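# Remarks on the overall topology
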Amino acid sequence: MTPGTDAPLLEAEDLVKTFGATPALDGASLRVHAGEVLALMGPSGSGKSTLLHCLAGIVAPNSGQVRYAGQDVVAMSDQRRSALRRTEFGFVFQFGQLVPELTCLENVALPLRLTGVRRREAARRASDALAQLEVGDVADKRPGEVSGGQGQRVAVARALITGPRVIFADEPTGALDSLNGERVMRLFVEAARQTGAAVVLVTHEARVAAYSDREVVVRDGKIRTPEHVR
Ligand SMILES: Nc1ncnc2c1ncn2[C@@H]1O[C@H](COP(=O)(O)OP(=O)(O)OP(=O)(O)O)[C@@H](O)[C@H]1O
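Residues numbered from 1 in each chain as written. Predicted model: local features only at pLDDT ≥ 70, side-chain atom pairs only at ≥ 80, totals over all residues. Heavy atoms only, no water.

## Structural notes on the nonpolar core
- In this structure, V92, V108, L130, L133, V154, I167 and F188 are the most contacted members of the largest nonpolar core, which totals 42 residues.
- Looking at this core, the elements with two or more residues in it are β3 (37-41), α3 (104-114), α4 (119-132), α5 (148-160), β7 (166-170), α6 (178-195), β8 (198-202) and α7 (206-209).
- By residue number, the principal contributor to this core is α6, which donates 7 residues.
- Excluding residues that lie within four positions of it along the chain, L133 makes contacts with R153, V156, A157, L160, L187, F188 and A191.
- Among the nonpolar cores identified, the runner-up in size contains 30 residues, and L30, V73, L84 and I223 belong to it. (Core = buried A, V, L, I, M, F, W, Y, C linked by side-chain atoms within 4.5 Å. Buried < 20%, exposed > 50% of the residue type's maximum accessible area, 1.4 Å probe, protein only. Helix = DSSP H or I, 4+ residues; strand = E, 2+ residues; numbered from the N terminus. Contact = heavy atoms within 4.5 Å.)

Take a look at the structure:
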């Protein structure tokens, strides 16, 4: 496959988004290819999270297009967009994403249970996913009983469990020290590569972005590097 000739899996074109009078995106265009790990960098308030939310169909742009596998994400029905997020996308955020009342194993198994996978099969797959992220030993603990780094690895396992084609990660290591942050990133990227998932990662940290295949800089709501036209 030659770069430049393959169709992108996910594509944003000329996105504009304002929150009241505040501009967040001002003509941002970006392409993400299948299996690619892409880091969105840039100063605070430059529009990185808004771009990620638009790409993931969480926030509607004022204008511009988002296409996933050739489908128009902005124009599709809410129901269809929710289904897309549930089945094709995975999400990892900075913190607070695990259900505190459930064990770590139950948290990872939850997306499978929601799609009708039987309890025992879901638990088996969740257990494998925890082991892959090197947190098999916290399976029976609740999120409040594990460290920040372990919790983030559980969150990554949960995001990967349904086999999404794109994982959106907004500062997934932002609450961790650099050693734990790098460990989470290494395991996250290894696991994503094994499943072939593309990763769209927002980060401030060059050390985290170093795990990506490609870095793009968002500044004043626009993509500032030439790679986006790849
Ligand atoms: N829900 C919202 N309501 C109002 N303004 C918002 C909202 N979300 C984002 N903004 C504004 O839009 C601009 C872009 O924000 P965004 O969160 O996308 O930037 P960012 O690059 O992700 O920032 P950070 O690195 O600090 O998280 C900022 O000026 C922000 O204050």
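## Here's the deal with the sheet that holds strand β4 (residues 63-68)
- Pairing in this open sheet of 4 strands is antiparallel, and the strands run β2-β1-β4-β5 from one edge to the other. The open sheet is flanked by β2 (22-32) and β5 (71-72), the only strands paired with a single partner.
- Relative to β5, β4 runs antiparallel, the two sharing 2 bridges. What sits directly across from R67, in β5, is D72. (Pairing = 2+ DSSP bridges.)

## A closer look at the pattern of salt bridges
- Counted under the stated rule, the structure contains 14 salt bridges.
- E11 is the partner of R31 in a salt bridge, and the nearest nitrogen-oxygen pair spans 3.1 Å. With R31 in strand β2 and E11 in strand β1 (residues 10-19), this pair connects stretches of sequence that are 20 residues apart.
- Take R31: its relative accessible area is 31%, and that puts it in the partly exposed class.
- In this structure, E36 engages R214 in a salt bridge whose closest nitrogen and oxygen atoms are separated by 2.8 Å. Placement of the pair is E36 in the loop between β2 and β3 and R214 in strand β9 (residues 214-219), with a sequence separation of 178 residues. Here E36 matches R214 in class, with each residue buried.
- Among the ionic contacts, a cluster of salt bridges with common partners joins E11, E13, R31 and R67. (Salt bridge = Lys/Arg side-chain N within 4 Å of Asp/Glu carboxyl O.)

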